[in-house]
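Take a look at the letters that make up each chain.
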Amino acid sequence: MSGRGLAPDASMVVFPISLFLPGSDLTPLRERKQEFYEGLTRWAPAGGSAEPESSRMVSVDAATYEEAAVKAGNLVLANLWGDGLPVQPATKARVDWILRGSPLPRSHGIGKFPPRGGVATVEGCAIALAMAGGRPEYLPVLVAAVEAFLDPHSDSDALQADSGSVFPVIIVNGPIARQIRLNSGFGCLGPDPQHPAGASIGRALRLMQQNLGGALPGIGAMAMYGAMRYTNAVFAEDEEGLPQGWLAHGTERHGFGAGTNSVSLIFANGVTNIKRRSAIKETSEGDVLQGMHRIADILRGAQLGCLVGYREGTPGVLLIPQVVAQLMAGLGWTKHSIRQFLWEHSRVPAEHLRRSGARAWIEIQAPESLDLDPWPIASKPGNLVLIVAGGAHPTNAYWLPGCCPNVIGRPIRVPESFDCLIAAADRDIGCGSQECKI
Amino acid sequence: MITLEFHDPTGITDVTQRHALRPPSLNGKRIGFLTNEQWQAYYALPLLKEMINQDFPDAEVLAIDAFPKGNEAIGTDETARRLKKSGVDAVIIGNAA
C-alpha cells in the first residue's frame, strides 16, 4: 500500500494464526463477521497526511552525559527504534559528520521502505549509520545498498514481511572495500574489529528496514526466526584472490567495469557451512571432486526458497576461499564449469519432490519446471552466485540459500573528498592499509 | 543539566492517495473478492460470501474466483482495473494477503 501512496494502515480483521491452518475451526470468523461489515462501510484511516520534510529531533535531559546517554538508550528502546544492542544517539553533529560520505544532498530521496512506507533519504541513511556506530566512508555503500533494496525488482516489499527469515546479502566489489575496511577474508560474515565496516553498514540497513519500513518482528515482519538480522550480511568479494580469468561478481552479473565500486543485493534465508576438504591423503583432483559433490549434496536439499528466484534470480550464494579457487583454476575449473557441475549434480529426484509435497509449490512458482526429473534448483546454471571469499583455508565452503527473485546491482558513488575521509579513518581507528592479516 | 538531542530515525511517510470511500451499507451493493489462495482462503472466503448473502439479501456477492487469483496477480494494476470496471462497491482481500 505504501508503494502506491496509501497510508500504511488498512481496514483488516486480524485473527490468530490458528485460524489459517489446515482443518481450523472457522467459528471465530462467524463470530466477528460484523467487523468485516464495518470494515467495508464505516472504517476510515487514522490519519497519514504528509509530515514535515525534515527529520524530527527528540531529546533527553540529565545531570551528566553518562546519564543522558543511558536515558537516550532507554528512549530508543521504548520507541522500538533499536535492536536490543547499544546504539549511538544520532546527534546532529554525528549525522552531519557522516553525511560527508555522500556526494548527494541530504534530502535526496531514494524511495519508500516497505511495508510502512517511510521515505528513505540520504539523511535517513546517515541517521541509521550513526545509530549503528558507522563512519562517513561507509555511507556510499549503504546508500547504494538501499537503492538496490528499494529497486522494484528486488521484491523487498514482499520479502520484508516474509515468514522465511529472509535477510539482505550485500556483496561489494571495487577498491572501496579495502579502503573502508570491509572484510573478504577470515570471518567475513561475522564480527571483526579489524574490518568493522560490514557490521555497521548491515546493521544500519536493518535499522532502516525496521524504523522506516516497519519490519518489527511479529508485527511488520513475520520472520519466524530472524537469524543474521542484527547485521545482515555485508562483505567484499576477495578480488585479489580471484584466479586469472575469473571475473569479479559485479562485472560478471551486472556488467560493471573492472575496478568499479559496486554493490550486489541478494536475499538469502540461511547460512550453511560445507566441509569440503578430504579427510585423507587425496590427489588434488580427488579432493576437489569430492568437495564439489559435497557442495552439490547441500544445494540439493531443496528448501524451496530457491523457487522465488527460479527464473532470473538465484538459488543462493556459494562462497569458496581463494586457496580453493586457485587450486580449482589450476586444474582447469572455471566459474562457468563450477556452476554447471553444481547445477547438474544438485538436481532433485522427482520422487523426493513428490513425497515432500514440494511439487505443489513448484506448480505455483515454477510450473514450467514441474516435469523435469531430476529437478534442477534453478532454471539455468548461471543463476548460481559464486563468490571467492572467506579465510585462506581449504576446509570449508559456505552456502547462503537464496530467496531472491532478482540479483540487483548498483554503482557506489563517493564524494570528491573521499580520500580525506579514508585518511581520517586511518588517524581515528588506525590499522588502515596495514590491517592484520593471517 | 545536559540535553542530548538526536534524530528520530523513523523518517516521514508520504500519503498521496486516499483509501477508497466506504458505502454507507452493503445493502444493494456489489461485493467482490480477491483471493491469494493461501492460508485456508478456500474455506474462509466462501464462508464470508455465505454470511454476506444471508445478512444482506439485496447485495450481489460475486464468485470468489471472479477475478485473478494468487499473490502475484491480486496486486497488479490490471487486476485493479478489472475490479473497477466490474463496478464493485467493495472488495474483500484474503487471506493474509
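Residues numbered from 1 in each chain as written. Chains lettered and ligands numbered in written order. Predicted model: local features only at pLDDT ≥ 70, side-chain atom pairs only at ≥ 80, totals over all residues.

Caption draft 1: Spatial organisation of the overall build of chain A. Looking only at helices and strands, chain A has 16 helices and 11 strands in total. On C-alpha atoms alone, chain A measures out to a radius of gyration of 23 Å, which is about the 22 Å that the 2.2 N^0.38 rule sets for 438 residues. Overall, chain A is about 70 × 65 × 35 Å in size when its C-alpha atoms are taken along their principal axes. Within chain A, the fraction of its 438 residues that count as buried is 45%. A sequence separation of at least 24 residues applies to 79% of the contacts in chain A between residues at least 6 apart. (Helix = DSSP H or I, 4+ residues; strand = E, 2+ residues; numbered from the N terminus. Rg over C-alpha atoms; globule rule 2.2 N^0.38 Å. Buried ≥ 20, exposed ≤ 12 C-beta atoms within 10 Å, placed from the backbone. Contact = placed C-beta atoms within 7 Å.)

Caption draft 2: Fine view of the overall build of chain B. If you tally the helices and strands in chain B, you get three helices and four strands. Helices (α) and strands (β) of chain B occur, in sequence order from the N terminus, as β-β-α-β-α-α-β. Taken over the C-alpha trace, chain B has a radius of gyration of 19 Å; the compact-globule value for 97 residues is 13 Å, which it surpasses by more than 25%. With respect to the principal axes defined by its C-alpha atoms, chain B has extents near 70 × 30 × 25 Å. Counting only residues that meet the buried cut, chain B has 25% of its 97 residues in that class. Across chain B, contacts joining residues at least 24 apart in sequence account for 74% of those joining residues at least 6 apart.

Caption draft 3: Representation of the interface of chain A and chain B in the model. Taken together, the contact pairs 57 residues of chain A with 34 residues of chain B. For the side of chain A that touches chain B, the element with the most residues is strand S1 (residues 57–62) of chain A, which contributes six residues. Counted by class, the side of chain A that touches chain B contains 34 nonpolar, 13 polar and 10 charged residues. Note that S1 of chain A and strand S1 (residues 2–7) of chain B share six bridges and pair antiparallel. Within S1 of chain B, the position partnered with Ser 59 of chain A by the bridge is Glu 5 of chain B. (Nonpolar A, V, L, I, M, F, W, Y, C, P; charged D, E, K, R; others polar. Pairing = 2+ DSSP bridges.)

Caption draft 4: Geometry of the nonpolar core. Cys 125, Leu 129, Val 141, Leu 142 and Ala 145 of chain A are the most contacted members of the largest nonpolar core, which has 110 residues in total. Top element by residues in this core is helix H6 (residues 139–149) of chain A. It accounts for nine residues. When residues no more than four places from it in sequence are discounted, the contact partners of Ala 145 of chain A are Ile 170, Ile 201, Leu 205, Val 263 and Leu 265 of chain A. Core analysis: the second largest hydrophobic core is formed by 18 residues, Leu 26, Leu 45, Phe 67 and Ile 92 of chain B among them. (Core = buried A, V, L, I, M, F, W, Y, C linked by C-beta atoms within 7 Å.)

Caption draft 5: Structural view of unusual backbone geometry. Residue and element names in this part refer to chain A. Between Pro 114 and Pro 115 the backbone carries a cis peptide bond, its omega angle lying at -5°. Examined against the element boundaries, Pro 115 turns out to sit in the loop between strand S2 (109–113) and strand S3 (118–121). Note the cis peptide between Asp 373 and Pro 374, where omega equals 0°. Position of Pro 374 relative to the elements: it lies in the loop between helix H15 (358–365) and strand S9 (385–388).

Caption draft 6: Quick peek at the packing of helix H11 (residues 284–300) of chain A against helix H13 (residues 335–345) of chain A. Residues and elements named next belong to chain A. The contact between H11 and H13 brings their axes to 8 Å, and the two run at 55°. As the angle between them shows, H11 and H13 are arranged oblique. For the pair H11 and H13, the crossing hand works out as right-handed. Between H11, through Met 292, His 293, Ile 295, Ala 296 and Leu 299, and H13, the contact on the second element is made entirely by Phe 341, Leu 342 and His 345. Residues belonging to the contact of H11 with H13 are distributed by class as follows: six nonpolar, two polar and no charged. (Axes fitted to C-alpha atoms, helices over the stretch in contact; angles between N-to-C directions. Parallel < 35°, antiparallel > 145°, perpendicular 65-115°, else oblique. Left-handed = near helix turned anticlockwise from the far one by under 90°.)

Caption draft 7: Looking closely at the pairing of S2 of chain A. All names here are of chain A. The pairing of S2 with S3 spans four bridges and is classified as antiparallel. Across the sheet, residue Lys 112 finds its bridge partner in S3, namely Val 119. Here S2 folds back onto S3, and the loop between the two strands holds four residues, one of which, Gly 117, carries a positive phi near 90°.

Caption draft 8: Up close: the environment of Gly 134 of chain A. All names here are of chain A. Within the secondary structure, Gly 134 sits in the loop between helix H5 (122–131) and H6. Expressed as a C-alpha distance, the spacing of Gly 134 and Arg 203, which sit 69 residues apart in the sequence, is 9.1 Å. Ignoring anything within four residues of it in the chain, the contact list for Gly 134 reads Ile 98, Leu 129, Ser 200, Ile 201 and Ala 204.

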